[in-house]
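Architecture and fold: a report
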Amino acid sequence: EAGVAQSPRYKIIEKRQSVAFWCNPISGHATLYWYQQILGQGPKLLIQFQNNGVVDDSQLPKDRFSAERLKGVDSTLKIQPAKLEDSAVYLCASSFISGVYYNEQFFGPGTRLTVL
Amino acid sequence: GQQLNQSPQSMFIQEGEDVSMNCTSSSIFNTWLWYKQDPGEGPVLLIALYKAGELTSNGRLTAQFGITRKDSFLNISASIPSDVGIYFCAGQEETSGSRLTFGEGTQLTVNP
C-alpha cells in the first residue's frame, strides 16, 4: 500500500514570497492533517480535514496560511506571504477516520521549507 | 496550547544498554503515543496506549500509560545502532478531541 505522498521535498524562498505544498493521503483515508515541525521541536497541528470539511484549524495562522481539500482527497497548504519564522518541515498525515478514540495517523516524509 | 514535557532532550548510550524516557503534562490525556522519527522522514508510530495503567510492549520497546493519565514512559532494552533517531511522545488531551499534542522529542544516539 502506498504511503502519504508529499511534494516538493525541499523548497527555498525569500521572505514575502508565496509557496504551496501538496499532499496525497493514503487511499481511503478520510482524515488529513497538516503539521508544522520547527527544527528541534515536535510537530504542531495546523489544520485537520475530515473528507473536504475543516475539523480543526484553531492553530493555523489564518492571516498568511490557507489550506484546501476540494475533492476530499489531495490537499494543498499555502503560505502567502512567507516570513523567516515559517522555516520548518511541513508534514502531512492521514488516518482512516478521526474521533475520540485514536486512529493511527500515517505521516508523509514532509516538505522542508527554508525562508531567506 | 498544552505542552508535553519530554525528557531527557538527548541521550548518548553504548550499544546493548537500556534506555528510558518519559513525558509529563499538566492536564489529563485519553491516549498516549510514542513515535520515532528518522532524518528526512515523518514520525512512525511505535506504541499506542489507551487506558490508565496500561503497559504495552513491542519487541524491545515497552511503554506505560501513567495512572494519573498525565504521564507516560518508554523503555528500550538492549539498544542497537538502528535505534538511533528522535523519539516523540504524543497524546490526545481530554479536552481537545482528536487533536494530537507532541512532546519536544528525545534525540537518541547509540555508539556501537
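Here goes a summary of the coordinates provided. None of these values were measured; they are calculated from a predicted model.

**A word on the overall build of chain A**
- When helices and strands are tallied, chain A shows zero helices and eleven strands.
- For chain A, the N- to C-terminal ordering of α and β elements is β-β-β-β-β-β-β-β-β-β-β.
- Relative to the globule expectation of 13 Å for 116 residues, the C-alpha radius of gyration of chain A, 13 Å, shows essentially globular dimensions.
- When its C-alpha atoms are laid out on the principal axes, chain A stretches across 40 × 30 × 30 Å.
- Sequence-distant contacts in chain A: of pairs separated by 6 or more residues, those separated by 24 or more amount to 54%.

**Structural notes on the overall build of chain B**
- Summing up its helical and strand segments, chain B has zero helices and eleven strands in all.
- When the helices and strands of chain B are placed in sequence order, the string is β-β-β-β-β-β-β-β-β-β-β.
- Radius of gyration (C-alpha) of chain B: 13 Å, near the 13 Å computed for a compact globule of 112 residues.
- The C-alpha extent of chain B, read off along each of the three principal axes, is 45 × 30 × 20 Å.

**Examining the sheet that holds strand E7 (residues 65-68) of chain A**
All names here are of chain A.
- Here we have four strands laid out as an open sheet, ordered E1-E3-E8-E7, and antiparallel in their pairing. Each edge of the sheet is formed by a strand with only one pairing partner; in this case those strands are strand E1 (5-7) and E7. Averaged over all pairs of adjacent strands, the angle between strand axes in this sheet comes to 15 degrees, irrespective of strand direction.

**Regarding unusual backbone geometry**
- A cis amide bond links glutamine 80 of chain A to the next residue, proline 81 of chain A, at an omega of -5 degrees.
- Inspection of the secondary structure assignment puts proline 81 of chain A in the loop between strand E8 (75-79) and strand E9 (88-95).
- Here the residue pair serine 7 of chain B and proline 8 of chain B is connected by a cis peptide bond, since its omega of -5 degrees sits within 30 degrees of zero.
- One can find proline 8 of chain B in the loop between strand E1 (5-7) and strand E2 (10-14).
- The backbone of arginine 69 of chain B shows a phi angle near 65 degrees, a positive value even though the residue is not glycine.
- Note on placement: arginine 69 of chain B falls in the loop between strand E7 (61-65) and strand E8 (71-76).
- A residue is classified by how much of its surface remains accessible, and arginine 69 of chain B, at 25% relative accessible area, is partly exposed.
- The backbone phi angle of alanine 78 of chain B is positive, close to 45 degrees, even though this residue is not glycine.
- If you trace the backbone, alanine 78 of chain B turns up in the loop between E8 and strand E9 (85-93).

**Things to note about the interface of chain A and chain B**
- Residue-level contacts link 23 residues of chain A with 18 residues of chain B.
- Summed over both partners, the interface of chain A with chain B buries about 1600 Å², with 50% contributed by carbon and sulfur atoms.
- For the side of chain A that touches chain B, the elements supplying multiple residues, two or more each, are strand E4 (31-37) and strand E5 (44-50) of chain A.
- The class makeup of the residues in the side of chain A that touches chain B is nine nonpolar, eleven polar and three charged.

So, how was this worked out
- Residues numbered from 1 in each chain as written.
- Chains lettered and ligands numbered in written order.
- Predicted model: local features only at pLDDT ≥ 70, side-chain atom pairs only at ≥ 80, totals over all residues.
- Heavy atoms only, no water.
- Helix = DSSP H or I, 4+ residues; strand = E, 2+ residues; numbered from the N terminus.
- Rg over C-alpha atoms; globule rule 2.2 N^0.38 Å.
- Contact = heavy atoms within 4.5 Å.
- Pairing = 2+ DSSP bridges.
- Axes fitted to C-alpha atoms, helices over the stretch in contact; angles between N-to-C directions.
- Buried < 20%, exposed > 50% of the residue type's maximum accessible area, 1.4 Å probe, protein only.
- Buried area = accessible area lost by both parts, 1.4 Å probe.
- Nonpolar A, V, L, I, M, F, W, Y, C, P; charged D, E, K, R; others polar.

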